[in-house]
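Single-letter residue listing:
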Amino acid sequence: MMNKNEMPVKRIALREWSILSCLLLLLTASLSFTNVLNRVDMVFYDHIMQLNSHDIRNDILIVAIDDVSLNELGKWPWPRQRHAELLKKINAAQPLAVGLDILFDEQEAPNPDGTPGGDQALADAISESRHVVLPLVSASAGRGLEASLPIPLLANAARLGHIHIELDADGVARSVFLKEGIKGEWWPHFALALKDVAKNTPSGAEKYLPGTRLSAALRNETVQSNAWQRDYQMHIPFSGGKGQFQTVPYVSVLRGEVPASFFRNKYVLVGPTAVGMADSFPTPVSGNDGLVSGVEINANILASLLDERSIHFAPVWQVMLFNLLILTAALAAYQLLSPRKALLTTGILFVAAIIGSFLMMRYVDWWLPTSPVLCSLMLAYPIWSWRRLEAAIQYLGEEFSLLEQEPHLLPEYVDEEEKPKPALTDTLENSINAMRLAANRVRDLRQFVSDSLASLPDATLVTTTDGNVLLTNQVARAYFAGLGIPNINDALLPYLFAQMSPPQASEQTQNNSFSWWDILDLNHTTNMKQGIEVRDPRQQDVLIKSAPCYNSDKLLVGWIVSIINITAIRAAERSRDETLHFISHDMRAPQASILALLEMQKDSATALPNDEFMSRIEKASRITLGLADNFVQLARAESQDYRFEEVDFQNVLIDATEEMWTLARSKNIRIKTSIPDDEYPARIDRSLVTRVLTNLISNAVKYSPRDTTITCELSIERQLADAVIVCSITDQGYGIPRAEQNKLFQRFQRFKTTDQPKNDGVGLGMVFVKAVIDRHHAKIDFTSAPNEGSTFNLRFPAAHV
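These lines cover the structure that appears in this document, whether it is placed above or below. Since we're looking at a predicted model, the values are computed, not measured.

## Here we look at the packing of aromatic side chains
If you walk through the whole model with that rule in mind, you get 12 aromatic pairs. Geometrically, the ring pair formed by Tyr334 and Tyr381 is edge-to-face, given 5.8 Å between the ring centres and 65° between the ring planes. Linking Tyr334 in helix α11 (residues 316-336) with Tyr381 in helix α13 (residues 371-404), this pair joins segments that are 47 residues apart in sequence. Aromatic rings pair up to connect Tyr479, Phe480, Phe497 and Trp516 into one cluster. Directly above the aromatic system of Phe262 lies the positively charged group of Lys266, at a separation of 4.4 Å from the ring centroid. Positioned over the ring face of Trp386 is Arg387, at 4.6 Å from the centre of the ring.

## Concerning unusual backbone geometry
The step from Trp76 to Pro77 runs through a cis peptide bond, and the omega angle for that step is 5°. Tracing the chain through its elements places Pro77 in the loop between α3 (67-73) and α4 (80-91). Despite not being glycine, Asp707 shows a phi value in the positive range, around 60°. Along the polypeptide, Asp707 turns up in the loop between α23 (686-702) and β24 (709-719). For Asp707, a relative accessible area of 53% translates into the label exposed.

## As for the side chain of Thr694
Considering the arrangement of structural elements, one finds Thr694 in helix α23. Excluding residues that lie within four positions of it along the chain, Thr694 makes contacts with Ala656, Glu659 and Met660.

## So, the nonpolar core
It is characteristic of soluble globular proteins that their nonpolar side chains tend to be buried jointly. Ranked by size, the top nonpolar core spans 44 residues in total, and within it Ile60, Leu178, Ile297, Ile301 and Leu302 carry the most contacts. At the level of secondary structure, the elements contributing two or more residues to this core comprise α2 (38-51), β1 (60-65), β3 (132-140), β7 (173-182), α7 (190-198), β9 (228-235), β11 (267-272) and α10 (294-306). With residues near it in sequence (within four places) discarded, Leu178 still touches His162, Trp187, Pro188, His189, Leu192, Leu209, Pro210, Asp231, Tyr232, Met234 and Leu305. The next biggest cluster of nonpolar side chains, apart from the first, holds 43 residues, and it includes Leu696, Val769, Val772 and Phe782.

## Section: the pattern of salt bridges
Under the criterion given, the structure shown has 17 salt bridges. When salt bridges that share partners are traced, they join Asp46, Asp168, Asp170 and Arg174 into one network.

## Remarks on the sheet that holds strand β22 (residues 670-674)
Taken in spatial order, the 5 strands make up an open sheet running β22-β24-β25-β27-β26, and their pairing is mixed. The strands lining the two open edges of the sheet, one partner per strand, are β22 and β26 (779-785). Across the sheet, the mean angle separating the axes of adjacent strands is 15° when strand polarity is ignored. In this sheet, β24 lies alongside β22 in parallel orientation, the contact comprising 5 bridges. Bridged to Thr673 within β24 is Cys712. In this fold α23 packs onto β22, β24, β25 (722-730) and β27 (789-797), with an angle of close to 170° to the strand it touches most, β27. With respect to the sheet, helix α24 (residues 765-775) is in contact with β26 and β27, its orientation differing from that of β26 by roughly 145°.

## Section: the pairing of β25
Sheet analysis places β24 next to β25, joined by 9 bridges and oriented antiparallel. By the bridge assignment, Arg718 is partnered in β25 with Ala723. The antiparallel pairing of β24 with β25 creates a hairpin that spans 2 residues between the two strands, and Leu720 there sits at a positive phi of about 55°. Of the strand pairs in this sheet, β25 and β27 are connected by 7 bridges, and their pairing is antiparallel. Across the sheet, the residue bridging to Val726 is Arg795, located in β27.

## Thoughts on the sheet that holds strand β18 (residues 532-535)
With antiparallel pairing, 5 strands are arranged side by side in an open sheet as β17-β16-β20-β19-β18. A single partner strand is all that each edge strand has here, and the edge strands are β17 (469-472) and β18. Put simply, the sheet's adjacent strands are angled 30° from each other on average, direction ignored. Direction of pairing for strand β16 (residues 459-463) relative to strand β20 (residues 556-565): antiparallel, over a ladder of 5 bridges.

Calculation rules
- Residues numbered from 1 in each chain as written.
- Predicted model: local features only at pLDDT ≥ 70, side-chain atom pairs only at ≥ 80, totals over all residues.
- Heavy atoms only, no water.
- Phe/Tyr/Trp six-rings, centres within 6.5 Å; stacked < 30°, edge-to-face > 60°.
- Helix = DSSP H or I, 4+ residues; strand = E, 2+ residues; numbered from the N terminus.
- Lys NZ or Arg CZ within 6 Å of the ring centre and 35° of its normal.
- Buried < 20%, exposed > 50% of the residue type's maximum accessible area, 1.4 Å probe, protein only.
- Contact = heavy atoms within 4.5 Å.
- Core = buried A, V, L, I, M, F, W, Y, C linked by side-chain atoms within 4.5 Å.
- Salt bridge = Lys/Arg side-chain N within 4 Å of Asp/Glu carboxyl O.
- Pairing = 2+ DSSP bridges.
- Axes fitted to C-alpha atoms, helices over the stretch in contact; angles between N-to-C directions.

This is how it looks when you write it as structure tokens:
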């Protein structure tokens, strides 16, 4: 059900979003239509062009009039006879076409000896080639622009082409007009003329002529006004920057240093590249290389015409549609997604617009400017966040004012110096103060709940009505982590308890089959408050309780579940029962025997001889004393009072064997020790470990027949930086039945084989051994078989090696 305050908030947010969307869409459309951000778009265009390099054609060759050639051949201009000689050397190799990017608009002066200049020689060389293109330019003759052609002698022998480069408003050469002319006469561009000459295509009959055409009305207007005409504007897809095309010095060709095969079936452009001589322009691919000479730009134009490639600028309507679609996607994200996801979507769309423009340029040579939508995206999210926060702050201010009127559950402390002064506050400060007080109360209440939960000694969980865990304390997290469930937040409670054993028999489980969903059932509230006892996968006894939680409207909102570890309590109960059994049976039996002997001795008819009487009294007393001593030693082994010291373990073993020598001698049993020469340092409680060894040797003597051998061996096992002292005690006794071996270290367990004589004992000796071994972080293992003897191995960590 929607809260009564949610509807106004949603309406405010929708209204703000609608207004913002309309304004941003209108801004994007205006920027796309007016092309105000053209300078920014051209910066992107240039960077994309630098990344959009293509393979350089190997059939285009530049003969450069460079600094080396000027130093060798002298200052410019050179005699046209020299150009004729160069052209003859190139023509001999049968090139596809030759372009002389040199202006010949004036006749050459006669030689000093009165002979004619080199015009005729150059014209003859051009005529012989029949594949030569000469440049023309537009020049101002006082009455407007006119075509500045080569001298008629040369113009009649060659194909003509203009060499104009179009510069944008920022001075960068990005395009050319493939056709230019005046008064109805048109000339192709220099590069287009080279292509036509190579393919023997008449001027004006080209099959592939890219570029943007002028409107028919504008073309007619320029013809009627006798203005300079331009058509077919082509944006150049530069293949690379300066020095990318194959280049040879002019002087090297003239001297014959370049083999003729180098020019065969190639387009040869002859032009200046020397610093200060050549017409050079900045291009999109110039970068740090500086200006690019006109002849190299003409080579790029020729390469694009041969590859039938050109950059197509998208029409205004396509640019507008592309930008509006991206912005619309961002605006939809603001309305449908969370703030973080909306911001991420904005960033993705921002990058996608740039990548999309790059991919269009890279693969289809299509330029789509994206600066309008990029500008709008940079404005959209901050403005939308501001307007949404404005509405949220207004709503929260009203809610905090209402919350401030709620009764206070916890005592509050307010510093008099920080207490707000009503006379000096305004509306904003009042809202901030109300927010501060409300937030402090919420934090205090949350901290109170959190501290209360954390201070509980038992594992406690707070769940939803359907059992999903919401809150836990550290004890609960540690408990389930020990069960292999490290993350219990949002887990389903019955599944957390699925590995538990069934609960012990109770009034609840006797009448009905138990399900873990019952702990979330109001019908079982009474039983669950008392708790159910189960055993977890670690064999711990736990008591699980649950209680319902209600809100102010008395509606169920969740459950509080506690897990109480009662393992120690149950272990203490079992130990108590065993101790009572021990006291009532084993300790009571010899005392009862003493009392019975005393009663018999009072009657002369039943009295025993004095020596026999004293012997029986002594035997019963020693049994009682032995039982009490075992019980006291076990209590000490299980206590916390250990006195660790560093000793030589072989001395401990020798002390134990010497102490047991008399007992072994009584049965003619030999105790054999095997201790190799080495150091056996160990940090142990000497008296307790000695008692462990005497217990094991004593058992070996008791449970071995006469005339046998007990072997005590000592060795040390070294593993990298660690070492372990191994003490082995082997007897030739009756052994332990295989079915009873797993009970060896349990209290009050005594074993007897068929051939074994009776031995007095209470069954605490091996429990004592295991307790001391565990406290020393040592290990004990044994092998035994009936009538084959037993071997016990003790492994203590060495103090140092």
